[in-house]
Amino acid sequence: MATTVYDVLRRKGSGVIAVSPESTVFDALHTLAENNIGAVIVLDGPRLVGILSERDYARQVILKGKASKDTPVREIMTTPVVCVDPEQTIEECMALMTDKRFRHLPVITDDRLLGVLSIGDVVKALLDEQAFRIEQLEMYIASGG
Ligand code: AMP
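Okay, so let's go over this structure. None of the values given here were measured: they were computed from a predicted structure.

### Concerning the overall build of the protein chain
When its secondary structure is counted, the protein chain shows six helices and five strands. C-alpha atoms of the protein chain, sized along the principal axes, occupy 70 × 35 × 25 Å. Counting across all 145 residues of the protein chain, residues that qualify as buried make up 37%. Entry remark: accessible area of the protein chain is about 9,000 Å², with carbon and sulfur atoms responsible for 53%. Side chains of the protein chain give 16 positive and 21 negative charges; the mean places of these two sets differ by 6 Å.

Set out below in structure tokens:
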């Protein structure tokens, strides 16, 4: 059976690291560093309004000669955010990430933010799924089919 987003979240645990659109980019970078992650969700109250990744900082702040302490997150975050629901498969997530060229996918159900999958989570889940399939096939072959 195909691994779903829900399976991965259950293993890794939910919990979302977020910042407000009015935070400074500097504070958001601190949040990234403290949590050892590459992107944060931007929440305005309960509403998901954007996503900010290290790439946004590199391209929208450093290259444009702006200062991270004077730039609010809302000015450089990406919006709208592409999300997945928990029933989707990790193959679908990988296809989305490859197609859209980003490495993070928030998981939403009934307007509730359940977690975020990174490309690392997705690659690990795909490798685990393939290893399991190979093991099953080897057992099948060893048993004489
Ligand atoms: P990443 O590869 O995730 O570091 O992000 C690359 C670019 O895509 C950055 O501009 C991010 O803000 C943006 N981005 C990342 N994830 C998403 C997403 N799920 N939906 C929309 N944009 C995103």
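Let us keep going from here.
### What about the site of the ligand?
Taken together, Ile51, Ser53, Arg55, Asp56, Thr78, Pro80, Val81, Val82, Phe102, Arg103, His104 and Pro106 make up the full set of residues adjacent to the ligand. Residue Ser53 places a side-chain N or O atom 2.9 Å away from an oxygen atom belonging to the ligand. Contact between the ligand and Arg103: an oxygen atom at 2.7 Å from a side-chain N or O atom of the residue. Protein chains bury 91% of the 470 Å² of accessible surface belonging to the ligand in isolation. Sorting the residues of the shell around the ligand by element identifies strand 3 (47-53), helix 3 (54-62) and strand 4 (104-109) as the ones contributing at least two each. Class assignment for the residues of the shell around the ligand results in six nonpolar, three polar and three charged.

### Structural notes on the nonpolar core
The biggest cluster of nonpolar side chains holds 16 residues, and the ones touching the most others in it are Val84, Cys93, Val107, Leu117 and Val122. Contributing elements (two or more residues each) for this core: helix 1 (5-12), helix 5 (90-100), strand 4, strand 5 (112-118) and helix 6 (119-142). Sorting elements by how many residues they give to this core places helix 5 first, with five residues. Excluding residues that lie within four positions of it along the chain, Val122 makes contacts with Ile90, Cys93, Met94, Met97 and Leu117.

### Quick word on the pairing of strand 2 (residues 39-44)
With two bridges connecting them, strand 1 (residues 18-19) and strand 2 associate as parallel partners. Residue pairing across strands places Val19 opposite Val42, the latter belonging to strand 2. You can see the chain leave strand 1, run along helix 2 (residues 25-35) and come back into strand 2, and the turn it takes is right-handed. Sheet analysis places strand 2 next to strand 3, joined by six bridges and oriented antiparallel. For Val42, the partnering residue across the bridge sits in strand 3 and is Gly50.

### Some points on the pattern of salt bridges
Enumeration over the complete set of coordinates arrives at seven salt bridges. Ionic pairing is found between Lys12 and Asp121, a salt bridge with its closest N-O pair at 2.8 Å. Placement of the pair is Lys12 in helix 1 and Asp121 in helix 6, with a sequence separation of 109 residues. Judged by relative accessible area, Lys12 falls into the partly exposed class, the value being 44%. Between Lys66 and Glu75 there is a salt bridge, and its shortest N-O distance comes to 3.1 Å.

### What to know about the side chain of Asp56
Following the sequence through the fold, Asp56 ends up in helix 3. Buried charge without a partner: Asp56 forms no salt bridge, and the closest opposite charge is Arg55, 7.2 Å away. Here Thr78 takes part through its side chain, which lies 3.4 Å from a polar atom of the side chain of Asp56. In contact with Asp56, not counting residues within four places along its chain, are Ile51, Val61, Ile76 and Thr78.

Conventions used here
Residues numbered from 1 in each chain as written. Predicted model: local features only at pLDDT ≥ 70, side-chain atom pairs only at ≥ 80, totals over all residues. Heavy atoms only, no water. Helix = DSSP H or I, 4+ residues; strand = E, 2+ residues; numbered from the N terminus. Buried < 20%, exposed > 50% of the residue type's maximum accessible area, 1.4 Å probe, protein only. Areas by Shrake-Rupley, 256 points an atom, 1.4 Å probe, with all protein chains shown as cover. Lys, Arg positive; Asp, Glu negative; His and termini not counted. Charge placed at Lys NZ, Arg CZ, Asp CG, Glu CD. Near = heavy atom within 4 Å. Polar contact = N/O pair within 3.5 Å; in protein donor to acceptor, adjacent residues only side chain to side chain. Nonpolar A, V, L, I, M, F, W, Y, C, P; charged D, E, K, R; others polar. Core = buried A, V, L, I, M, F, W, Y, C linked by side-chain atoms within 4.5 Å. Contact = heavy atoms within 4.5 Å. Pairing = 2+ DSSP bridges. Right-handed = clockwise from strand over helix to strand, strands pointing away. Salt bridge = Lys/Arg side-chain N within 4 Å of Asp/Glu carboxyl O.

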